Amino acid sequence: MSVGGSNLEAMELKLSSEFASRIEYLPETGSTNSDLLTLAVGKPELWTDFSVLLTDNQVAGRGRLDRQWVSEPGAGLAVSVLLRPTSFGMGSFGWLPLLAGLAMNNAVSSLIEDAPVSVKWPNDVLVAGEKIAGLLAEVLPTGDGVVIGAGLNLTQTKEELPIENATSLKLHGVENFELDDVLVRYLASFKRLYEEFSDAAGDADSSGLRQSVQDASSTIGSSVKVLLPDGTDFSGKAVGLDGTGRLLVAMSDPLEIRAVAAGDIQHLRQ
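Residues numbered from 1 in each chain as written. Predicted model: local features only at pLDDT ≥ 70, side-chain atom pairs only at ≥ 80, totals over all residues. Heavy atoms only, no water.

Draft legend 1. Focus on the pattern of salt bridges. Scanning all chains against the criterion turns up eight salt bridges. Between K191 and E195 there is a salt bridge, with its nearest N and O atoms 4.0 Å apart. Here K191 and its partner E195 are both found in helix α4 (residues 179–199), four residues apart, which amounts to about one turn of the helix. K191 gets classed as partly exposed once you look at its relative accessible area, which sits at 21%. (Salt bridge = Lys/Arg side-chain N within 4 Å of Asp/Glu carboxyl O. Helix = DSSP H or I, 4+ residues; strand = E, 2+ residues; numbered from the N terminus. Buried < 20%, exposed > 50% of the residue type's maximum accessible area, 1.4 Å probe, protein only.)

Shown next as structure tokens:
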């Protein structure tokens, strides 16, 4: 069944199922992240590491800073992945949304040929500078795992997109696909990166994750304005990521490098 304006109630996810310990499709839900957080805490024996919950009809999705993420039925993919790492702890959790963003970047890059795809720190995937996907990571209340939600624009036209500076697969000529064909690209890349990171005990350097994220990033090397959660802001040049995944911004006045753990990033014209 192809993606397009109706719910996929009889969804078959044969390709994607190969990469998930458990995978379930919901015809409609408020938020796959909220649902998976509840399931992970309430039934941990059933919802194990790399369990996946998804829908193409999310009616109350949440982005960063409590922003709403909603699309028309069939127009967007909302997918949440549960991670319960055993080889590393919370000290490495900051890399997990960056890892997922890189996986989504890889998935979109494999589909779109007419424009450059990149990661905007910390959790957006851009096509030619326009947002096609965003991610949100939430730590389990028990502290032993993370749920990472991703939203990907599939079939929207320009008029249907929630913000002006956004795009979709359809707008770049990707049409008449099965949802499974898109999802498997994301999960396969995510699983590979996660296993490499886990094998390295959560070390972003020995696993190669830090370099891979920096290579895929359109933020690194750009002049940026950083809007902090407390309402203040500053500008500088993004020069890299530190050992915990924080964005390093070099400021010219005064001359210093600031590490940003959370905030909105605006790319400035050079």
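After that view, the rundown keeps rolling.
Draft legend 2. Representation of the nonpolar core within the structure. By size, the foremost hydrophobic cluster in this structure holds 65 residues, and its most contacted members are L152, L169, Y186 and F190. When neighbours within four sequence positions are excluded, F190 is seen to be in contact with F50, V81, L83, L99, A100, A103 and I148. (Core = buried A, V, L, I, M, F, W, Y, C linked by side-chain atoms within 4.5 Å. Contact = heavy atoms within 4.5 Å.)

Draft legend 3. Here's a closer look at the packing of helix α3 (residues 96–109) against α4. Contact geometry of α3 with α4 gives a least axis separation of 8 Å together with a crossing angle of 140 degrees. Viewed along their axes, α3 and α4 adopt a mutual orientation that is oblique. Seen from above, α3 lies across α4 with right-handed handedness. Residue-level inspection shows L96, L99, A100, L102, A103, M104, N106 and A107 of α3 in contact with α4, the latter providing R185, Y186, S189, F190, R192, L193, Y194 and F197. Within the contact of α3 with α4, the residues separate by chemical class into 12 nonpolar, two polar and two charged. (Axes fitted to C-alpha atoms, helices over the stretch in contact; angles between N-to-C directions. Parallel < 35°, antiparallel > 145°, perpendicular 65-115°, else oblique. Left-handed = near helix turned anticlockwise from the far one by under 90°. Nonpolar A, V, L, I, M, F, W, Y, C, P; charged D, E, K, R; others polar.)

Draft legend 4. Representation of the sheet that holds strand β7 (residues 124–127) within the structure. If you trace the seven strands from one edge of the open sheet to the other, you get β1-β2-β5-β9-β8-β7-β6, paired in mixed fashion. Across the chains shown, the open sheet's two edge strands, defined by having one partner strand only, are β1 (22–25) and β6 (117–120). Put simply, the sheet's adjacent strands are angled 15 degrees from each other on average, direction ignored. Where β1 meets strand β2 (residues 51–55), four bridges bridge the pair, whose relative direction is parallel. Bridged to Y25 within β2 is L54. Contacts between helix α2 (residues 32–42) and the sheet are confined to β2, β5 (76–83), β8 (130–139) and β9 (146–153), with β5 contributing the most and set at about 25 degrees to the helix. (Pairing = 2+ DSSP bridges.)

Draft legend 5. Structural detail: the pairing of β5. The element β5 is largely enclosed, with a buried count of eight among its eight residues. Going residue by residue along β5, you find G76, A78, S80 and L82 tucked away on one face and L77, V79, V81 and L83 tucked away on the opposite face as well. Here β5 pairs with β9 via eight bridges, running antiparallel. For S80, the partnering residue across the bridge sits in β9 and is G149.

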